[in-house]
Amino acid sequence: EAVSQSQKSGNGLGLNIPNQYFENDSNTNYLSQLDLKQKSQQGQNGIIAPIVFVSFSMPETDIKNLINEMHKVKGGVVIRGLIDDDFKKTALKIASLQTKDNAGVLIDPTLFQLFDIKQVPTYIIPMQPIEQCVDKNKSCKQPKHIKATGAVSFKYVLDLVDRTGTAAEKTYVAKYTAMLKGQ
């Protein structure tokens, strides 16, 4: 059963949000269960898709470019949480960034924790499935991955891995390079 945001908070957006996303305390796993699973490539026991971590403090054009690149490789653009703890403000900002292909931004602070993200943009290319981490009392397993930080394009990150990575990393990122080229 779903509860509209207006029924829950009194000042809604006309959105229909499943009850499981409302909790009495802070929910640090909202949307990871929803959007990333639907928009990414799935491994047997988790998600295998490139991710770029961003902040709304970054220039809007940079975020839009990253959204477009990640959409081409079936990846995700992730922010840590809500703007000023305000769902409406955050939803409006996300809607303004959405592309014509309906690619957008995901909210998931658990991914920031899992990959120890300290600055943005940071790229994660998982080489093993990212398993869903739902138990707050359990340490979640970080999958083998490639991590790069800096204000560069995903194409640049792939080129960097192709120049400096291990043979396994080079082989792994070749599919994303081909996807960006439209092959």
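Our subject is the structure listed above.
Note that the structure is a prediction, hence the values are computed from the model and not measured. (Residues numbered from 1 in each chain as written. Predicted model: local features only at pLDDT ≥ 70, side-chain atom pairs only at ≥ 80, totals over all residues. Heavy atoms only, no water.)

## Description of the packing of aromatic side chains
Two aromatic rings are characterised by how far apart their centres lie and by the angle between their planes. Under the defined criterion, the tally for this structure stands at 5 aromatic pairs. With a centroid separation of 5.8 Å and an interplanar angle of 25 degrees, the aromatic rings of Tyr123 and Phe154 are classed as stacked. Taken as a pair, Tyr123 in strand 6 (residues 122-126) and Phe154 in helix 6 (residues 154-164) lie far apart in primary sequence, 31 residues in all. Summarising the burial analysis for this pair, Tyr123 and Phe154 share the class buried. Taken together through their ring pairs, the aromatic side chains of Tyr123, Phe154, Tyr172 and Tyr176 make up a single cluster. Sitting over the face of the ring of Tyr156, Arg163 holds its NZ or CZ atom 5.7 Å from the ring centroid. (Phe/Tyr/Trp six-rings, centres within 6.5 Å; stacked < 30°, edge-to-face > 60°. Helix = DSSP H or I, 4+ residues; strand = E, 2+ residues; numbered from the N terminus. Buried < 20%, exposed > 50% of the residue type's maximum accessible area, 1.4 Å probe, protein only. Lys NZ or Arg CZ within 6 Å of the ring centre and 35° of its normal.)

## Looking at the environment of Val54
By secondary structure assignment, the location of Val54 is in the loop between strand 3 (51-53) and helix 3 (60-72). The class for Val54 is buried, based on a relative accessible area of 2%. C-alpha separation for the pair Val54 and Val77, spaced 23 residues apart in sequence, amounts to 6.9 Å.

## Side note on unusual backbone geometry
Only a minority of non-glycine residues have a phi that is not negative, and only a minority of peptide bonds are not trans. Cis geometry marks the peptide bond from Val120 to Pro121, where omega comes out at -5 degrees. Here the phi dihedral of Asp85 falls at roughly 55 degrees; this positive angle occurs in a residue that is not glycine. One can find Asp85 in the loop between strand 4 (76-79) and helix 4 (87-97). Given a relative accessible area of 72%, Asp85 falls into the exposed group. Positive phi outside glycine occurs at Asp116, with the angle close to 50 degrees. Along the chain, Asp116 falls in the loop between helix 5 (109-114) and strand 6.

## Details of the packing of helix 6 against helix 7 (residues 167-180)
Two numbers describe how helix 6 lies on helix 7: the axes approach to 9 Å, and their chain directions differ by 150 degrees. Seen along the crossing, helix 6 lies across helix 7 with a hand that is left-handed. On helix 7, the residues touching Phe154, Lys155, Leu158, Val161, Asp162 and Arg163 of helix 6 are Glu169, Lys170, Val173, Tyr176, Thr177 and Leu180. Split into classes, the residues belonging to the contact of helix 6 with helix 7 amount to 6 nonpolar, 1 polar and 5 charged. (Axes fitted to C-alpha atoms, helices over the stretch in contact; angles between N-to-C directions. Left-handed = near helix turned anticlockwise from the far one by under 90°. Contact = heavy atoms within 4.5 Å. Nonpolar A, V, L, I, M, F, W, Y, C, P; charged D, E, K, R; others polar.)

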